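# Analysis of the macromolecular model
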Amino acid sequence: MPPRKSDEPRAWQRMLSGRRLDLLNPSPLDIEIEDIAHGLARVARWNGQTKGPHAFSVAQHCLLVEALLVHAHDNLDRQARLAALLHDAPEYVIGDMISPFKAALGVDYKAFEHKLLAAIHLRFGLPPHCSEALNKKIKKADHIAAYLEATQLAGFSVEEAGKFFGRPTGLDGARGFHALRPLAPNDAEAAYVRKFKQLL
C-alpha cells in the first residue's frame, strides 16, 4: 500500500530516543542530549572536505569551541561553557550548512535556527538567548576553531584562513589545539556527552 497522503506536510523528525521533534514549533520536552550528541557526531564540518579516516564532526567542533573559550576566559561559569558546547546544537537536525549557503538562504533560515537553539537552551536550564557579551566570546572562539580546522584539516593556507577567519593569537604553547584529529562518530558522540555531563 502506498503511504497515505496528508493535507499537512510532516514537520517533525523522529529521534532515536523515540522523541518526535516538531521542527517548526520545537518543544524543550522533545529534546534529549543523547539525540543531539548522536546527530552532531554524524554531521561533517566543511561538508566532509577534511583530511583523515573520519569526518571532523560538529560534535568535535563544539568541544573545540568550548575548550578555546575556557583557554581565553578561565573564569567562566558552567552555564557559559554549556552554552558554548551547545552553540551549534540545532545542526543535529538541520545539518551544518556552510556559511556562504546560509547567507544565500537569508534571514528565515537564521530565525529557524535561533528558535530551535532557544528550545535547546530551555531544555537544559539556560536562558533562551545568551547575552551579547557571551555571544561575542563564543563567536570569537568559533572563528578560532574554524581557522584551526581550516589550516589543519580542510586544506586552507595560513594566509587564506587568516583572511576569512582572522589569525588567532595567544595559542602558542597551548595544548590540544595544534593537532586536531577527527574521531570516529561513536567516539565523538561519547566525548560530547561526557563534556555535557561534566558541565551540567
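Residues numbered from 1 in each chain as written. Predicted model: local features only at pLDDT ≥ 70, side-chain atom pairs only at ≥ 80, totals over all residues. Heavy atoms only, no water.

### A short note on the packing of helix 1 (residues 33-40) against helix 9 (residues 185-199)
- Running from N to C, helix 1 and helix 9 point in directions that differ by 140 degrees, and their axes come no closer than 8 Å. If you check the angle between helix 1 and helix 9, you find them oblique. By crossing handedness, the relation of helix 1 to helix 9 is classed as right-handed. Of the residues in helix 9, those touching helix 1 at Ile-33, Glu-34, Ile-36, Ala-37, His-38 and Leu-40 are Glu-189, Tyr-192, Val-193 and Phe-196.
- The residue makeup of the contact of helix 1 with helix 9, split by class, is seven nonpolar, one polar and two charged. (Axes fitted to C-alpha atoms, helices over the stretch in contact; angles between N-to-C directions. Helix = DSSP H or I, 4+ residues; strand = E, 2+ residues; numbered from the N terminus. Parallel < 35°, antiparallel > 145°, perpendicular 65-115°, else oblique. Left-handed = near helix turned anticlockwise from the far one by under 90°. Contact = heavy atoms within 4.5 Å. Nonpolar A, V, L, I, M, F, W, Y, C, P; charged D, E, K, R; others polar.)

### Comments concerning the pattern of salt bridges
- Counted under the stated rule, the structure contains seven salt bridges.
- The partner of Arg-81 in a salt bridge is Glu-66, with the nearest N and O atoms 2.6 Å apart. Here Glu-66 lies in helix 2 (residues 58-72) and Arg-81 lies in helix 3 (residues 78-85), a separation of 15 residues in the sequence.
- On the accessibility criterion, Arg-81 (18% relative accessible area) is buried.
- Connected through shared salt-bridge partners, Arg-19, Glu-32 and Arg-123 make up one network. (Salt bridge = Lys/Arg side-chain N within 4 Å of Asp/Glu carboxyl O. Buried < 20%, exposed > 50% of the residue type's maximum accessible area, 1.4 Å probe, protein only.)

### Let's talk about the packing of aromatic side chains
- One pass over the full model with this rule turns up six aromatic pairs.
- A ring pair is formed by Phe-156 and Phe-164, whose centres lie 6.5 Å apart and whose planes are at 85 degrees; its orientation type is edge-to-face.
- Assessed through its relative accessible area of 51%, Phe-164 is described here as exposed.
- With 6.3 Å between their ring centres and 55 degrees between their planes, Phe-164 and Phe-165 make a pair best called tilted. (Phe/Tyr/Trp six-rings, centres within 6.5 Å; stacked < 30°, edge-to-face > 60°.)

### So, the packing of helix 2 against helix 3
- Viewed as axis vectors pointing N to C, helix 2 and helix 3 meet at an angle of 145 degrees, and their least axial separation amounts to 8 Å. Considering the relative orientation of helix 2 and helix 3, their crossing is right-handed. Touching Cys-62, Leu-63, Val-65, Glu-66, Leu-69 and Val-70 of helix 2 are Ala-80, Arg-81, Ala-84 and Leu-85, all from helix 3.

### Considering the nonpolar core
- In this structure, Ile-36, Leu-68, Leu-86, Tyr-92, Ile-120, Phe-124 and Tyr-192 are the most contacted members of the largest nonpolar core, which totals 58 residues.
- Only helix 1, helix 2, helix 3, helix 4 (91-94), helix 6 (107-123), helix 7 (132-152) and helix 9 provide two or more residues apiece to this core.
- Top element by residues in this core is helix 7. It accounts for nine residues.
- With near-sequence residues (within four places) excluded, Leu-86 lies in contact with Ile-33, Leu-117, Ile-120, Phe-124, Leu-126 and Tyr-192. (Core = buried A, V, L, I, M, F, W, Y, C linked by side-chain atoms within 4.5 Å.)

### With respect to helix 2
- The terminal C-alpha atoms of helix 2, which comprises 15 residues, lie 21 Å apart, in line with the 21 Å expected from a rise of 1.5 Å per residue.
- Buried residues dominate helix 2, accounting for 11 of its 15 residues.
- Among the residues of helix 2, those classed as buried are Val-58, Ala-59, Gln-60, His-61, Cys-62, Leu-63, Leu-64, Val-65, Glu-66, Leu-68 and Leu-69.
- Those residues of helix 2 hidden inside the fold are in contact with helix 1, helix 3, helix 4, helix 7 and helix 9. (Expected span 1.5 Å × (residues − 1).)

### A word on the layout of surface pockets
- Each pocket or cavity is described by its volume, and for the second largest pocket that value is around 300 Å³.
- Looking at the second largest pocket, it is lined by 15 residues, and the ones nearest its centre are Gln-60, Leu-63, Leu-64, Gly-176 and Leu-180.
- Only helix 2 and helix 9 provide two or more residues apiece to the lining of the second largest pocket.
- By residue number, the principal contributor to the lining of the second largest pocket is helix 2, which donates five residues.
- The class makeup of the residues in the lining of the second largest pocket is nine nonpolar, three polar and three charged. (1 Å grid on protein atoms, 1.4 Å probe; cavity = no way out; pocket = protein on both sides within 12 Å on 5 of 7 lines; lining within 4 Å. Points joined across faces, edges and corners; volume = space filled by probe spheres on them.)

Such coordinate-based values are descriptive only and should not be taken to indicate function.
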